[in-house]
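# Close look at the chain arrangement
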Amino acid sequence: MAGKGSKTDCMSCSVLNWEQVSRLHEVLTEVVPIHGRGNFPTLKISLKDIVQTVRSRLSEAGIVVHDVRLNGSAAGHVLVKDNGLGCKDLDLIFQVSLPSEAEFQLVRDVVLRSLLNFLPEGVSKLKISPVTLKEAYIQKLVKVCTESDRWSLISLSNKHGRNVELKFVDCIRRQFEFSVDSFQIILDSLLFYYDYSETPMSEHFHPTVIGESMYGDFEAAFDHLQNKLIATKNPEEIRGGGLLKYSNLLVRDFRPMDKDEIKTLERYMCSRFFIDFPDILDQQRKLETYLQNHFSKEERSKYDYLMILRRVVNESTVCLMGHERRQTLNLISLLALKVLAEQNIIPNATTVTCYYQPAPYVSDVNFSNYYLANAPVPYSQSYPTWLPCN
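Report follows, based on the coordinates.

Here is what the cut-offs are and how they apply
Residues numbered from 1 in each chain as written. Predicted model: local features only at pLDDT ≥ 70, side-chain atom pairs only at ≥ 80, totals over all residues. Heavy atoms only, no water. Helix = DSSP H or I, 4+ residues; strand = E, 2+ residues; numbered from the N terminus. Buried < 20%, exposed > 50% of the residue type's maximum accessible area, 1.4 Å probe, protein only. Contact = heavy atoms within 4.5 Å. Expected span 1.5 Å × (residues − 1). Arc of directions from axis to C-beta. Pairing = 2+ DSSP bridges. Axes fitted to C-alpha atoms, helices over the stretch in contact; angles between N-to-C directions.

## Regarding the overall build of the protein chain
Check the secondary structure of the protein chain and you find 12 helices and 12 strands. Relative to its 390 residues, the protein chain shows a buried fraction of 47%. Counting only contacts in the protein chain whose residues sit at least 6 apart along the sequence, the fraction spanning at least 24 positions is 71%.

So this is what it looks like as structure tokens:
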């Protein structure tokens, strides 16, 4: 841990100890494959190399990078190795100024052209345009430009779900969902060490690295991560209310820090989720995307996750009409049944909600011939699902 004596003057910050710095070095130097579509070759990239390349190119283009941070589950992994969240996301934040559309476009072009450095030897780069690189290696491009949020995100594709995500932030209103995912590790001192020091790092000779919790209290957030506790502030400010992440934490055996307060927070989460995703088809797309991104190698956890989500929605949704609430619950149940079918698992009828009487042969241990249609959940008509709370 960043020990008791290692606090900085800021309550939200702490100095990393040698074990954490060593783990950070491993994360930054690990080679991550970026898979190309079609015949494009796989790029082999380390976070250290992509950060140094992009930062240098941005500087040449006249964009100042104020600092670079490691964010998300990778930062949590650095602080607490076996924290229950794993290290799937590889999120980097570049603090930059984005005053106009021109800067957004320049940042995008710089990142795309930086990928040329990582093409294997022998590949001709002369006729490869930024548009071609985008189609080949970019999983998603996001740009947010409002009064309170100015940032863009470029996600480099990894077919195993370990996308390298580069976020360029001018300002952002909310940078975390729960205390356990609120950590950011400032990389500048370590990057400076890589550039100018030839001496290998050791316990007695390594740069000072600062971690920060956007939750506001580093020690409290660190304690929550160590002890698998769920805490947040103002979930109604989070897009989607944090509902899907909350259910994800529950399925990973995290538990609410305040059991009395959590029921109120669950209602806020559900209300905000249905504000942001009012249409049943929007809800379906969001759920399917979340399952794909967060459970790509955890097939057996998908069903438990959906059942926890169904329980929370069932118990804490107060701003939907009855048929709209049932429609969402039915969607979650159908997705759960689809998960079971994909795994060729016959559910125990005593623990699964059934909307029909199972045929007698379903209980036969030799029966496992589920048929799974590829068509989406058939909703012939979408309904507005949000009503204002009084």
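So much for the structure itself; the text now carries on.
## Digging into helix α12 (residues 322-342)
Helix length check: α12, at 21 residues, gives a terminal C-alpha distance of 30 Å against a target of 30 Å (1.5 Å per residue), a fit within 8%. By the burial criterion, the buried members of α12 are Glu324, Gln327, Thr328, Leu329, Leu331, Ile332, Ser333, Leu335, Ala336, Val339, Leu340 and Ala341. Against α9 (261-276), α10 (280-294) and α11 (299-316) lie the buried residues of α12.

## Considerations on helix α5 (residues 130-137)
Every buried residue of α5 is accounted for by Pro130, Leu133, Ala136 and Tyr137. The buried residues of α5 occupy an angular sector of 125 degrees when projected down its axis, which confines them to one face. If you follow the buried residues of α5, they end up packed against β2 (31-34), β3 (43-46), α4 (101-114), β6 (138-145) and β7 (150-156).

## Let's talk about the sheet that holds strand β4 (residues 67-71)
Strand order in the open sheet formed by 8 strands is β1-β10-β9-β4-β5-β8-β7-β6, and the pairing between neighbours is mixed. Two strands bound the open sheet, and with one partner strand each, they are β1 (13-15) and β6. Within the sheet, the average angular offset between the axes of one strand and its neighbour, ignoring direction, is 20 degrees. The pairing of β4 with strand β5 (residues 90-95) spans 5 bridges and is classified as antiparallel. Bridging from a neighbouring strand, Asp67 pairs with Gln95 of β5. Against the sheet, α5 makes contact with β6 and β7, and its axis sits at roughly 110 degrees relative to β6, the strand it touches most.

Any link to function would need more than the numbers given here.
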